[in-house]
Amino acid sequence: MTYSFELPLLVLLILTAGGAILVKDLISAVLILGSYSFFLALIWAWLGAADVAFVEAVVGAGLATVFFLLTLFRTAPDDTRIRRPRPPVVVVVALPLLGMLLLYAASDLPSFGDPASPASTHVSPHYLENSVADTLTPNVVTSVLMDYRALDTLIETVVVFTSGIACWLLLRRDPE
């Protein structure tokens, strides 16, 4: 099933990523990265990952953009200009080659939505069949996040908490 909006959305995602790299001002880069996060949230929602889309919209497009802008507004205007040296020739040659290698390797991945993929034949059936019995939770997503993968969720929560504390420490006002 093809959608008329998937190709323009992916093109917008690539253009915003490239634009954030090429601009010469940090404030412009932050605003472009905020739009990149918004387009990425739309892609996650299109793929059916509403939870990831919500987190990307709130954290990526919302909070990160606000924190970056608050930090930049507290700096001198001259410090928001980006001064880039020319990239080494090795990087200019190696990165496109790496990109082509990754695209070649991606051709071996199962098709999107393939019912014969390992995730669909091994892990998902176990979660769907045993989640209520193992966790006493009728919501499979909740049982996966909070029971089967609780340590992973705890570590992600610690990372987000640590990032929040770091932002607070950076943005707090010194008593004058």
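Residues numbered from 1 in each chain as written. Predicted model: local features only at pLDDT ≥ 70, side-chain atom pairs only at ≥ 80, totals over all residues. Heavy atoms only, no water.

Participant: Help me out: how do you make sense of the overall build of the protein chain in this one?
Facilitator: Regarding its fold elements, the protein chain presents 7 helices and 0 strands. Tracing the protein chain from N to C terminus, the helices and strands come up as α-α-α-α-α-α-α. Since a compact globule built from 176 residues should have a radius of gyration of about 16 Å, the 21 Å found for the protein chain marks it as more spread out than a globular shape. Projected onto the principal axes, the alpha-carbon positions of the protein chain cover approximately 60 × 45 × 35 Å. Sorting the 176 residues of the protein chain into buried and exposed places 17% on the buried side. Across the protein chain, every contact between residues at least 6 apart in sequence was considered, and the portion connecting residues at least 24 apart equals 48%. Of the roughly 13,400 Å² of accessible surface on the protein chain, 72% is carried by carbon and sulfur atoms. For the protein chain, the centre of its 9 positive side-chain charges and the centre of its 15 negative side-chain charges are spaced 20 Å apart. (Helix = DSSP H or I, 4+ residues; strand = E, 2+ residues; numbered from the N terminus. Rg over C-alpha atoms; globule rule 2.2 N^0.38 Å. Buried < 20%, exposed > 50% of the residue type's maximum accessible area, 1.4 Å probe, protein only. Contact = heavy atoms within 4.5 Å. Areas by Shrake-Rupley, 256 points an atom, 1.4 Å probe, with all protein chains shown as cover. Lys, Arg positive; Asp, Glu negative; His and termini not counted. Charge placed at Lys NZ, Arg CZ, Asp CG, Glu CD.)

Participant: Got a minute to help me understand the side chain of Thr137 in this structure?
Facilitator: Along the chain, the position of Thr137 falls in the loop between helix H5 (118-135) and helix H6 (140-148). The residues contacting Thr137, other than those within four sequence positions of it, are Ser131, Val132, Thr142, Ser143 and Asp147.

Participant: Looking at this structure, I do not really get the domain arrangement of the protein chain. What am I missing?
Facilitator: Size of an interface, as often reported, equals the accessible area lost when the parts are brought together. Each domain of the protein chain was delimited in the assignment, giving domain 1 (1-85) and domain 2 (116-176). Placing the centre of domain 1 and that of domain 2 at their C-alpha centroids yields a distance of 23 Å. Contacts between the two partners involve 4 residues from domain 1 and, on the opposite side, 5 residues from domain 2. When the two sides are added together, the surface that domain 1 and domain 2 hide from each other amounts to roughly 460 Å², 63% of it contributed by carbon and sulfur. Of all residues in domain 1, Phe67, Thr71 and Arg74 give up the largest surface area on contact with domain 2, accounting jointly for 80% of the area buried on that side. Connecting domain 1 to domain 2 are 0 salt bridges. The interface formed by domain 1 and domain 2 holds 0 residue pairs in polar contact (both at pLDDT 80 or more) in total. Split into classes, the residues belonging to the side of domain 1 that touches domain 2 amount to 2 nonpolar, 1 polar and 1 charged. (Domains from an automatic or database assignment. Buried area = accessible area lost by both parts, 1.4 Å probe. Salt bridge = Lys/Arg side-chain N within 4 Å of Asp/Glu carboxyl O. Polar contact = N/O pair within 3.5 Å; in protein donor to acceptor, adjacent residues only side chain to side chain. Nonpolar A, V, L, I, M, F, W, Y, C, P; charged D, E, K, R; others polar.)

Participant: Which parts of the structure should I look at to understand the packing of aromatic side chains?
Facilitator: The description of an aromatic ring pair rests on the distance of the ring centres and on the angle between the ring planes. As enumerated under the stated definition, the model contains 2 aromatic pairs in all. With a centroid separation of 5.8 Å and an interplanar angle of 55°, the aromatic rings of Phe38 and Phe39 are classed as tilted. We classify Phe38 as partly exposed; its relative accessible area is 45%. (Phe/Tyr/Trp six-rings, centres within 6.5 Å; stacked < 30°, edge-to-face > 60°.)

Participant: I'm lost on the nonpolar core in this one. Help?
Facilitator: A general tendency of soluble globular proteins is for nonpolar side chains to be buried together. Residues Leu9, Leu13, Phe39, Leu40 and Ile43 constitute the largest nonpolar core, which totals 5 residues. Secondary structure elements with two or more residues in this core: helix H1 (6-22) and helix H2 (26-46). Top element by residues in this core is H2. It accounts for 3 residues. Apart from residues lying up to four places away in sequence, Leu40 is in contact with Leu13 and Glu56. (Core = buried A, V, L, I, M, F, W, Y, C linked by side-chain atoms within 4.5 Å.)

Participant: Could you clarify how one ought to interpret a positive patch on the surface in this entry?
Facilitator: Together, Lys24, Arg81, Arg83 and Arg84 line one region of the surface with positive charge. Relative to the elements of secondary structure, Arg84 occurs in the loop between helix H3 (50-73) and helix H4 (89-106). (Patch = residues over 30% accessible without salt bridge, like charges linked within 9 Å, V, L, I, M, F, W, Y side chains within 5 Å.)

Participant: I tried to follow the packing of H1 against H2 on my own but got confused; where do I start?
Facilitator: Helix packing for two helices is described by the angle between their axes and how far apart those axes are. Two numbers describe how H1 lies on H2: the axes approach to 9 Å, and their chain directions differ by 155°. Relative to H2, H1 is oriented roughly antiparallel. Along this stretch, H1 crosses H2, giving a crossing that reads as left-handed. From H1, Glu6, Leu9, Leu10, Leu12, Leu13, Thr16, Ala17, Gly19 and Ala20 reach across to H2, where they touch Ala29, Ile32, Leu33, Ser35, Tyr36, Phe39, Leu40, Leu42, Ile43 and Trp46. Tallied by class, the residues present in the contact of H1 with H2 amount to 15 nonpolar, 3 polar and 1 charged. (Axes fitted to C-alpha atoms, helices over the stretch in contact; angles between N-to-C directions. Parallel < 35°, antiparallel > 145°, perpendicular 65-115°, else oblique. Left-handed = near helix turned anticlockwise from the far one by under 90°.)

Participant: Explain the environment of Val90 here, please?
Facilitator: Assignment of secondary structure puts Val90 in helix H4. Taking relative accessible area as the criterion, Val90 reaches 63% and is therefore assigned exposed. Considered as a pair, Val90 and Gly60 are 30 residues apart in the sequence and their alpha carbons are 31 Å apart.

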